[in-house]
Amino acid sequence: MDVVYNIVVVLHFVGLAMLLGAFLLQLTSKEKTVTRWMFDGAMTQLLTGLIMVGMLSGGALGDAAKDEVDNTKIAIKLVIVIVIAILAAVGRRKQPPQTALWLIIGLLTLANVVIAVFV
């Protein structure tokens, strides 16, 4: 089961790369816009995050892994990624430029990374 969990973790990082990469790619662009990659990255992060928490909480990796789940941290990260996904879905329907949406999505993504690493 460890192999499956590690594959899901890699996919979670791929979702982060899609989301953050789409944001960083447009830093020098004049017309900032919400891209399909932002939405797809957010959905990848949401799905793989839920799978990881389910595997850890369900004891798929042994009883010691259950103690590692910080439900408060997970809840905060879940709310942030849901907001990112909603903003990305809204942004895909609007005409560019979408500087405010682009910036909010990028900052929330960075906030999620900071929470994952430091909290």
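Please refer to the structure placed before this passage.
Predicted model only: the values in this text are computed from it and were never measured. (Residues numbered from 1 in each chain as written. Predicted model: local features only at pLDDT ≥ 70, side-chain atom pairs only at ≥ 80, totals over all residues. Heavy atoms only, no water.)

1. Section: the overall build of the chain
Counting its regular elements, the chain contains five helices and zero strands. Walking the chain from its N terminus toward its C terminus, one meets helices and strands in the order α-α-α-α-α. Taking the principal axes of its C-alpha atoms as reference, the chain extends roughly 50 × 25 × 20 Å. Long-range pairs, those at least 24 residues apart, make up 71% of the contacts in the chain with a sequence separation of at least 6. For the chain, the accessible area works out to roughly 7100 Å², and carbon and sulfur atoms hold 70% of it. Both charge centroids of the chain, one from 9 positive and one from 7 negative side chains, sit 18 Å from each other. (Helix = DSSP H or I, 4+ residues; strand = E, 2+ residues; numbered from the N terminus. Contact = heavy atoms within 4.5 Å. Areas by Shrake-Rupley, 256 points an atom, 1.4 Å probe, with all protein chains shown as cover. Lys, Arg positive; Asp, Glu negative; His and termini not counted. Charge placed at Lys NZ, Arg CZ, Asp CG, Glu CD.)

2. Description of the packing of helix H1 (residues 2-25) against helix H2 (residues 36-57)
The packing of two helices is summarised by the inter-axis angle and the distance between the axes. Relative orientation of the contacting elements H1 and H2 amounts to 155°, with a least axis distance of 8 Å. Taken together, the axes of H1 and H2 lie roughly antiparallel to each other. The hand of the H1/H2 crossing is left-handed. When its residues are assigned to classes, the contact of H1 with H2 shows 17 nonpolar, seven polar and one charged. (Axes fitted to C-alpha atoms, helices over the stretch in contact; angles between N-to-C directions. Parallel < 35°, antiparallel > 145°, perpendicular 65-115°, else oblique. Left-handed = near helix turned anticlockwise from the far one by under 90°. Nonpolar A, V, L, I, M, F, W, Y, C, P; charged D, E, K, R; others polar.)

3. Examining the nonpolar core
Formed by 16 residues in total, the largest nonpolar core has its most connected members in Leu 19, Phe 23, Val 34, Met 38, Ala 42, Ile 84 and Ile 105. The element best represented in this core is helix H4 (residues 71-93), accounting for five residues. Contact partners of Val 34, with chain neighbours within four places excluded, come to Ala 88, Gly 91, Arg 92, Gln 98, Leu 101, Trp 102 and Ile 105. (Core = buried A, V, L, I, M, F, W, Y, C linked by side-chain atoms within 4.5 Å. Buried < 20%, exposed > 50% of the residue type's maximum accessible area, 1.4 Å probe, protein only.)

4. Points about the packing of aromatic side chains
Evaluated as defined, the whole model comprises one aromatic pair. Looking at Lys 32, its charged tip hangs above the ring of Trp 102, at a distance of 5.2 Å from the centre. One residue, Arg 36, lies across the ring of Trp 37, its end atom 5.2 Å from the ring centre. (Phe/Tyr/Trp six-rings, centres within 6.5 Å; stacked < 30°, edge-to-face > 60°. Lys NZ or Arg CZ within 6 Å of the ring centre and 35° of its normal.)

5. Some words on H2
In a regular helix each residue adds 1.5 Å, so 22 residues correspond to 32 Å; H2 covers 31 Å between its end C-alpha atoms and thus fits that length. Of the residues making up H2, those classed as buried are Met 38, Asp 40, Gly 41, Ala 42, Gln 45, Leu 46, Thr 48, Gly 49, Met 52, Met 55 and Leu 56. (Expected span 1.5 Å × (residues − 1).)

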